[in-house]
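Residues per chain, in single letters:
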Amino acid sequence: MFLPAGSQDQIGEKLNDQAKVNQIFRNVVRRRNYVAIETPVVEYAQTFTNPSVGMEANKLLKWFDGEGEIEVLRADWTTAIARALMTKETTQSKWFYQGSVFQKNESGIESQQAGIEIILMDVLLGEMETLFTAVDVLKELSIQDYLIELGHTGIFDYLIEPLLLNQADEEKLRSAMDEKNEDLVYRIASANGNDQIANQLVGLIQAYGGRDILADYRNKWQANPELLAIIDHLEKLITSLKELGVDDVIVDLGSVRQLRYYSGTMFSGYLKQTGDICFSGGRYDRLYNQFEKNISAVGLAFYVDVLTKIIKSDRKKRLVCIVASPETHVKAEQMRSEFPDAQVDIVYQQPTENQYDEIINLVDGVRL
Ligand SMILES: N[C@@H](Cc1c[nH]c[nH+]1)C(=O)O
């Protein structure tokens, strides 16, 4: 009632679980030599709505500043970090961040992310490092039941090129592919004069699964070096993940993303238990093109709220109560050091309900 729609208070154990996810993420990325970066919560809208990013203005939390410029709350870490890095001379390549992003959608307006961004690194090295970091984080969180899905922007981009779509139609086709709406995909592609491409795109919607899909398409695209190179690339990633012990990896050759900066391999992590996406990312060299820089960039973000729901909470600590008085309160406070692993309440009245594992009564500063 006193909060804007979509805003939420957070209370209790959930916050401890969230802190646990963040702490584990931080430990893993620091061990892997990532460096922390934080951008401000307030940015210009243009940073997120420009054509290289393509976020919809009506999903951003925005207002006018004194000069009439539109400002927004941080809508995407990846974009904000690219903006920040372009104003610095840096050779550092591995960055990590943790915090809120703000976008209006079904689940509210604020969500928590913890992510990594790697720039200026060899393509395969960067992608493997990104995926292996995700595997490392999930392992440390004791999450085993997940599936990694790989896709590649190059497939859709290559197939639609001859359609010469205007931007509006390309967006429509992209979202029809994203929704796996076969009829609509067919209609848009054939209306632009090409039934053969329409059929290929519809076929791609079904092209997800294990290595057999890659084998099928290797066959189909035999005569096409550009698409074959993509198949080879995805195969390499699957092989490395398998060697690392991650067997549940599938490809979705028809996958597309609403975020326009992706320009190569895309990855998503799914929790098998709930079907929720727990991380998302990919290669996005295209984002740096807006700064007229040719920079290799890859990364991913964990959805901390999703991980928070699934992790096991830390075991409850022993609950101790020290019954003191104003005169013995200092003594009771000093006694806290005797219980480094417990949760300790100090009260002035004997508790009536027996919610404690141990109750200590202090009378005249002496333990009874
Ligand atoms: N920023 C992307 C995730 C990502 C990180 N790096 C590359 N992609 C998202 O919020 O979905």
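A quick note: this is a predicted structure, and the numbers were derived from the prediction, not measured.

For the rest of this paragraph, the subject is the confidence of the model for the protein chain. Confidence in the prediction of the protein chain, expressed as mean pLDDT, is 95, and 100% of residues score 70 or more. Confidence metrics for the complex model read pTM 0.94 and ipTM 0.99.

What follows is about the pairing of strand β12 (residues 297–303). Of all seven residues in β12, six are buried; the element is thus mostly enclosed. The pairing of strand β11 (residues 277–283) with β12 spans five bridges and is classified as antiparallel. Each residue of the ladder has a partner; that of Ser280, found in β12, is Ala301.

This part covers helix α4 (residues 123–140). For α4, built from 18 residues, the straight-helix expectation of 26 Å at 1.5 Å per residue is met to within 8% by its first-to-last C-alpha distance of 26 Å. Inspection of α4 places Gly126, Glu127, Glu129, Thr130, Leu131, Thr133, Ala134, Val135, Asp136, Val137 and Leu138 among the buried residues, and these make up the whole buried set. The N-terminus of α4 is capped by Asp122, whose side-chain oxygen sits 3.3 Å from the backbone nitrogen of Leu124. Following α4 by one or two positions, Ser142 has its phi on the positive side, about 60°.

What follows covers the packing of aromatic side chains. Within the structure shown, the criterion is met by nine aromatic pairs. When the ring of Phe25 is compared with that of Phe96, the centres are 6.2 Å apart and the planes differ by 65°; the resulting orientation is edge-to-face. Of this pair, Phe25 sits in helix α1 (residues 13–31) while Phe96 sits in strand β5 (residues 94–105), and the two are 71 residues apart along the sequence. Relative accessible area serves as the criterion here: at 2%, Phe25 is assigned to the buried category. Exposure remark for Phe96: the relative accessible area of 3% places this residue in the buried category.

Glancing now at the site of the ligand. In the region of the ligand, 16 residues are neighbours, and Asp76, Thr78, Glu117, Tyr261 and Tyr262 sit closest. The separation between a nitrogen atom of the ligand and a polar side-chain atom of Asp76 is 2.7 Å. A distance of 3.4 Å is found between a nitrogen atom of the ligand and a backbone nitrogen or oxygen belonging to Gly299. Against a free-state accessible area of 310 Å², the protein chains account for coverage of 94% of the ligand. For the shell around the ligand, the elements supplying multiple residues, two or more each, are β6 (108–119), β11 and β12. In terms of residue count, the dominant contributor to the shell around the ligand is β12 (four residues). Classifying every residue of the shell around the ligand by side-chain character gives eight nonpolar, six polar and two charged.

With that out of the way, let us pick up the nonpolar core. Ile148, Leu150, Leu201, Leu204 and Leu253 are the most contacted members of the largest nonpolar core, which has 67 residues in total. With seven residues, the single largest contributor to this core is helix α10 (residues 225–243). The residues touching Ile148, leaving out its near neighbours within four places in the chain, are Leu131, Val135, Leu241, Val246, Asp248, Val249, Ile250, Ser268 and Phe279. Grouped together as the second largest cluster of nonpolar side chains are 27 residues, Ile37, Ala80, Met86 and Trp95 included.

On the basis of which strands lie adjacent, the open sheet formed by four strands has the order β14-β13-β15-β16 and mixed pairing. The outermost strands of the open sheet, each flanked by one partner alone, are β14 (343–347) and β16 (366–367).

Take the environment of Leu120 next. Tracing the backbone through its elements, the reader meets Leu120 in the loop between β6 and α4. For Leu120, a relative accessible area of 45% puts it in the partly exposed group. In this structure the C-alpha to C-alpha distance between Leu120 and Ser52, which are 68 residues apart in sequence, comes to 19 Å. If we ignore the near neighbours within four places in the chain, the residues touching Leu120 are Thr90, Thr91, Ile295 and Ser296.

We now examine the packing of helix α9 (residues 211–220) against α10. Between α9 and α10, whose axes approach to 10 Å, the crossing angle comes to 160°. The angle between α9 and α10 places the two elements in the roughly antiparallel class. Considering the relative orientation of α9 and α10, their crossing is left-handed. Residues Arg211, Leu214, Tyr217 and Arg218 of α9 pack against Leu228, Ile231, Asp232, Leu234, Glu235, Ile238, Thr239 and Lys242 of α10. When the residues that make up the contact of α9 with α10 are grouped by side-chain class, the tally is six nonpolar, one polar and five charged.

Parameters at a glance
Residues numbered from 1 in each chain as written. Predicted model: local features only at pLDDT ≥ 70, side-chain atom pairs only at ≥ 80, totals over all residues. Heavy atoms only, no water. pLDDT = per-residue confidence, 0-100. Buried < 20%, exposed > 50% of the residue type's maximum accessible area, 1.4 Å probe, protein only. Helix = DSSP H or I, 4+ residues; strand = E, 2+ residues; numbered from the N terminus. Pairing = 2+ DSSP bridges. Expected span 1.5 Å × (residues − 1). Polar contact = N/O pair within 3.5 Å; in protein donor to acceptor, adjacent residues only side chain to side chain. Phe/Tyr/Trp six-rings, centres within 6.5 Å; stacked < 30°, edge-to-face > 60°. Near = heavy atom within 4 Å. Areas by Shrake-Rupley, 256 points an atom, 1.4 Å probe, with all protein chains shown as cover. Nonpolar A, V, L, I, M, F, W, Y, C, P; charged D, E, K, R; others polar. Core = buried A, V, L, I, M, F, W, Y, C linked by side-chain atoms within 4.5 Å. Contact = heavy atoms within 4.5 Å. Axes fitted to C-alpha atoms, helices over the stretch in contact; angles between N-to-C directions. Parallel < 35°, antiparallel > 145°, perpendicular 65-115°, else oblique. Left-handed = near helix turned anticlockwise from the far one by under 90°.

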